[in-house]
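Listed here are the chains, written in short residue letters.
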Amino acid sequence: MKLLYFAWVRQRIGVGQETVSLPAEVATVAGLVDWLRTRGPGYAEAFRDTRAIRCAVNQEYVEPDQPVSADDEVAFFPPVTGG
Amino acid sequence: MAVRVQEADFDVGAELAALTANNHRVGGVGVFVGVVRDTAGGSAVSGMTLEHYPGMTERQLAAIEAEAAARWPLEASLIVHRVGRLAPGETIVLVACASAHRQAALDATAFLIDWLKTKAPFWKLEETADGECWVDARESDDAAAARWGR
């Protein structure tokens, strides 16, 4: 699975993107976040308050109950501030 | 119907001229130009860096533009958004909508910038005397986008 991080999510985790092998028990965005939190203090800090984070799967906004699979591109980022 | 994301500055006048060139059905053009301010919440801002999600940004902008075209009788529309480092006074974004009559042009322009602010994946990192700071999303922007419904 390809993971992308932007803005302060990227800064806290320390990389902008990575490719991971999805554990079998991860089936949704919420499950993915729970697993990512265990990968280190930067991840735990980035995902401490998930209300402050938005998620896109294959470049479309999704909710935490969205299913995910190994072929997906999943991005985590703060609420957007363009314009 | 066009969207562009770019680091380079651009000429608003030239963009508007190209938008309506040879289309004499156009009776008016609504325009919004976003500019970098030198203050934020009382602090001086010396510049900002705009980050985005390449690919998703263009898809979201195209979807927003298609939504505007479905709601109003537009002859043409354009969104140009800059990324990278910008200094106070520099142009961040241009939104323009051309229509036969002014109300559609003005309303569609307001709709595009309101939806862009809450849906297009851009993030602003401001430079202040206290250091760099990610700009927080504003509830007033959500309210502005919500007034257009879904």
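This write-up is about the structure you can find in this document. (Residues numbered from 1 in each chain as written. Chains lettered and ligands numbered in written order. Predicted model: local features only at pLDDT ≥ 70, side-chain atom pairs only at ≥ 80, totals over all residues.)

Topic: the nonpolar core
Part 1 of the reasoning: Formed by 54 residues in total, the largest nonpolar core has its most connected members in Phe6(A), Ala75(A), Ala108(B), Leu112(B) and Leu116(B).
Part 2 of the reasoning: For Ala108(B), the contacting residues outside a window of four places in its chain are Gly30(B), Ala68(B), Trp72(B), Leu74(B), Ser77(B), Cys97(B) and Ser99(B). (Core = buried A, V, L, I, M, F, W, Y, C linked by C-beta atoms within 7 Å. Buried ≥ 20, exposed ≤ 12 C-beta atoms within 10 Å, placed from the backbone. Contact = placed C-beta atoms within 7 Å.)

Re the interface of chain A and chain B
Part 1 of the reasoning: Contacts between chain A and chain B engage 14 residues on the former and 21 residues on the latter.
Part 2 of the reasoning: Only helix H1 (7–13) and strand E5 (73–77) of chain A provide two or more residues apiece to the side of chain A that touches chain B.
Part 3 of the reasoning: Along the lines of polarity and charge, the residues of the side of chain A that touches chain B split into ten nonpolar, four polar and no charged. (Helix = DSSP H or I, 4+ residues; strand = E, 2+ residues; numbered from the N terminus. Nonpolar A, V, L, I, M, F, W, Y, C, P; charged D, E, K, R; others polar.)

Concerning the sheet that holds strand E3 (residues 54–57) of chain A
All names here are of chain A.
Part 1 of the reasoning: Here five strands make up an open sheet; going across it, the order is E2-E1-E5-E3-E4 and the pairing mixed. Looking at strand neighbours, the two that pair on one side only are strand E2 (17–19) and strand E4 (60–62), the edges of this open sheet. If you compare each strand with its neighbour and ignore which way they point, the axes differ by 25 degrees on average.
Part 2 of the reasoning: In terms of strand pairing, strand E1 (residues 2–5) meets E2 through three bridges, oriented antiparallel. Residue pairing across strands places Leu 4 opposite Gln 17, the latter belonging to E2. (Pairing = 2+ DSSP bridges. Axes fitted to C-alpha atoms, helices over the stretch in contact; angles between N-to-C directions.)

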